[in-house]
Amino acid sequence: MNFLYMILKLKKILPNIKFISFLFIFIFAITTLINANLNKNLTSKTDSLKTDTVKKDTLSKKTVNLRSPQEMFLSCARCHSIGKGKLVGPDLFDVISRHDSAWFANFIRSSDSMVKAGDTSALRLYLAYEKLPMPNHDFSPEEIQVLLNYIELEGKKLKANPNFLDNTVNYAPRSNSWLFILSILLILLPLFDLIFSNFLKYKIINVLLILVGLAICGKVLGEEAKYLGRSLGYEPDQPIKFSHRVHAGENKINCIYCHTGAIDSRYASIPATTLCLNCHNVIRYGTNTGEGEIDKIHQAVDSGKSIQWVKVYNLPDHVFFSHAQHVKDGKINCDKCHGDVANMGRIQQVTDLSMGWCMNCHKETEVQFDNKYYTNYKLQEDLKSGKISKVTVEDIGGNNCQKCHY
Ligand code: HEC
Ligand code: HEC
Ligand code: HEC
Ligand code: HEC
Ligand code: HEC
Ligand code: HEC
């Protein structure tokens, strides 16, 4: 009797078990799929970062007949660190910027004679370090130069930031994949229950769940479609780790110095490799990338090949856009359309470049009506008589189809 009863009971919960295990398998499959995808993205990102590490210095190769700087520094390391704090003597990180090379040569060879001679900074150091004299070192001037280069280079390596191209702000639309999966689950599970497991007593609940799922799914797909073919947040890796933050930001190089076309022609233009050499014939060492990335400029020039930069901002061929019209005539700053470039590592597309984007700005923005092109416009009189307070780009026909389309 008991046995029969148990079988009856099992039969009752069996469909539930089927349903629950199906649910588990389904969720498991989906999460592994997403994880695999996420990992793929992550590894491709870290791969590109690994190559960033600072290249080894070539100083030791160039100076075979001198003592190697590492060997010479051993005698200093008892009392000095580079970037690891004060030991017996001061931390030598950034010490190069504190004195000139003649001072270093004299001080390292004989600090006590400098103290005796009353050199102010030698005296100040001597007093600050409890009158503990720094021992004399019998190094040749060449050796001291090599040693100082080594100290400078080690300091630079400490400053290197392999993630220097990363941007703090990301304009890419947030991914909706979780919401999408939820909506699919909301559709499939009640459907499955309806056909096979019959777990839910009232079929109307299944139908309602499926409808909610369809609604969410439709919303998500609609959002995605809005960005389809658009590249808001597009931030490709470039063949050379060129950083606008380093150039236009930290070193305050003017945009027009490199993008010479931006003021008076249609295209802003990407600078030719030879322009980089104006500076990089001299600057051979990058704080973050060592010599590797700057070497690529020289390799490109030597081999006569141009660098294949990946274009970020792209309008379709049927749209006409001119930088001169906007930058020179319209007096619009680069950042209105390209964002805070001076703080970007990698260039990132900060607008969706849609037709609505162009037209909205034309609706809001006034034209520079004192411009000589507009002297014969009828609107000038309306403006003078106070009939209208401003003239937008739309008012002068800037939103007529043929202005932007061939
Ligand atoms: C026995 C410990 C000792 C050794 C070894 C030593 N130093 Fe020093 N060093 C000092 C002290 C102490 C001072 C602080 C100045 C003073 O007391 O005269 C100093 C100061 C300096 C300064 C000036 C730092 C500043 O902040 O302006 C430099 C540069 C320097 N040492 C380089 C070297 C180099 C290069 C070597 C190796 C060739 C070396 N020292 C070896 C103890 C030492
Ligand atoms: C007007 C001068 C100038 C021009 C032109 C110039 N650069 Fe630079 N570049 C610099 C300076 C300054 C640095 C910083 C060097 C440092 O880290 O000490 C630098 C650093 C770099 C670095 C290393 C960044 C780092 O932190 O490791 C790379 C790579 C680079 N530039 C590429 C280029 C390329 C490619 C061009 C041409 C499109 C170019 N530069 C044009 C001045 C210039
Ligand atoms: C030292 C030269 C240099 C300076 C200065 C410079 N750029 Fe650039 N710019 C480049 C190079 C090289 C590229 C191509 C590589 C890249 O996209 O990072 C580029 C790319 C761009 C792009 C993307 C073009 C595209 O669609 O592919 C924009 C936008 C841009 N720069 C804007 C600016 C602005 C705005 C400034 C001033 C704040 C500026 N740049 C200063 C050299 C420079
Ligand atoms: C009114 C918006 C707007 C302004 C202002 C603007 N740009 Fe652009 N820029 C664009 C658009 C749109 C593109 C894409 C053009 C295309 O694909 O034909 C572009 C493309 C570029 C490119 C890629 C190369 C090229 O010429 O197509 C560079 C570099 C660039 N801009 C730099 C600048 C700089 C530097 C300034 C400031 C002096 C600036 N832009 C101002 C909208 C603007
Ligand atoms: C930040 C605001 C802004 C954005 C974004 C913008 N424009 Fe403009 N545009 C202007 C202004 C301001 C003028 C008028 C310039 C002047 O004073 O003559 C103008 C003028 C024009 C003109 C000439 C109109 C005429 O009547 O002669 C064309 C064509 C044009 N824009 C195309 C575009 C296209 C294509 C885009 C999008 C890819 C775009 N603009 C995005 C501000 C903008
Ligand atoms: C201020 C400039 C501007 C004006 C004015 C303008 N367009 Fe556009 N149009 C664009 C830009 C930019 C694109 C590309 C947008 C994209 O790729 O999403 C575009 C794309 C299009 C497309 C292709 C849509 C697609 O999805 O590929 C059509 C069709 C079009 N425009 C028709 C028109 C018509 C009709 C008018 C007149 C009512 C007009 N445009 C006025 C800038 C303009």
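Residues numbered from 1 in each chain as written. Chains lettered and ligands numbered in written order. Predicted model: local features only at pLDDT ≥ 70, side-chain atom pairs only at ≥ 80, totals over all residues.

1. Section: the overall build of the protein
Tallying secondary structure elements over the protein gives 18 helices and zero strands in all. The contacts in the protein between residues at least 6 apart in sequence include a share of 71% that link residues at least 24 apart. (Helix = DSSP H or I, 4+ residues; strand = E, 2+ residues; numbered from the N terminus. Contact = placed C-beta atoms within 7 Å.)

2. Some remarks on the packing of helix α3 (residues 69-77) against helix α7 (residues 141-159)
Interaxial distance between α3 and α7 falls to 9 Å at its minimum, and their mutual angle equals 85°. It follows that α3 is roughly perpendicular to α7 by the angle criterion. In this structure, α3 uses Pro69, Met72 and Phe73 to contact α7, whose residues at the interface are Glu143, Val146, Leu147 and Tyr150. For the contact of α3 with α7, the residue count by class is six nonpolar, no polar and one charged. (Axes fitted to C-alpha atoms, helices over the stretch in contact; angles between N-to-C directions. Parallel < 35°, antiparallel > 145°, perpendicular 65-115°, else oblique. Nonpolar A, V, L, I, M, F, W, Y, C, P; charged D, E, K, R; others polar.)

3. Digging into the site of ligand 2
For ligand 2, the set of nearby residues contains 23 residues, the closest of which are Cys276, Cys279, Gly286, Thr287 and Asn288. Those elements giving two or more residues to the shell around ligand 2 turn out to be α10 (244-250), α12 (273-280) and α13 (292-303). At five residues, α12 tops the list of elements feeding residues into the shell around ligand 2. Looking at side-chain class alone, the shell around ligand 2 contains 12 nonpolar, nine polar and two charged residues. (Near = placed C-beta within 6 Å.)

4. What to know about unusual backbone geometry
Generally, phi is negative for residues other than glycine and the peptide bonds are trans, each holding for most cases. The residue Glu130 is not glycine, and still its phi comes out positive at about 50°. Since 7 C-beta atoms lie within 10 Å of it, Glu130 is described here as exposed. The backbone of Lys331 shows a phi angle near 55°, a positive value even though the residue is not glycine. Positionally, Lys331 belongs in the loop between α14 (323-329) and α15 (334-338). Take Lys331: there are 10 C-beta atoms within 10 Å of it, and that puts it in the exposed class. (Buried ≥ 20, exposed ≤ 12 C-beta atoms within 10 Å, placed from the backbone.)

5. Observations regarding the site of ligand 5
Around ligand 5 lies a shell of 26 residues, among which Asp329, Gly330, Cys358, Cys361 and Val367 are the nearest. Elements that contribute at least two residues to the shell around ligand 5 include exactly α14, α15, α16 (355-364) and α18 (401-404). Split by residue class, the shell around ligand 5 holds 14 nonpolar, nine polar and three charged. Both domains that furnish three or more residues to the shell around ligand 5 are identified here as domain 3 (234-349) and domain 4 (354-406). (Domains from an automatic or database assignment.)

6. Examining the confidence of the model for the protein
Here the protein shows a mean pLDDT of 85. Residues at 70 or above account for 85%. pLDDT under 50 marks residues 38-64. Its contacts with residues more than four places away, or in other chains, come to 21 contacts. (pLDDT = per-residue confidence, 0-100.)

7. Some words on helix α8 (residues 177-197)
Over its 21 residues, α8 extends 28 Å from the first C-alpha to the last, a length consistent with the 30 Å expected when each residue adds 1.5 Å. Every buried residue of α8 is accounted for by Ser183, Leu186, Leu189, Pro190 and Asp193. Down the axis of α8, the buried side of the element spans an arc of 135°, and every buried residue falls inside it. Projecting away from the buried face of α8 at angles above 90 degrees are the exposed residues Ile195 and Phe196. After α8 finishes, the residue Asn198 shows a positive phi value of roughly 50°. (Expected span 1.5 Å × (residues − 1). Arc of directions from axis to C-beta.)

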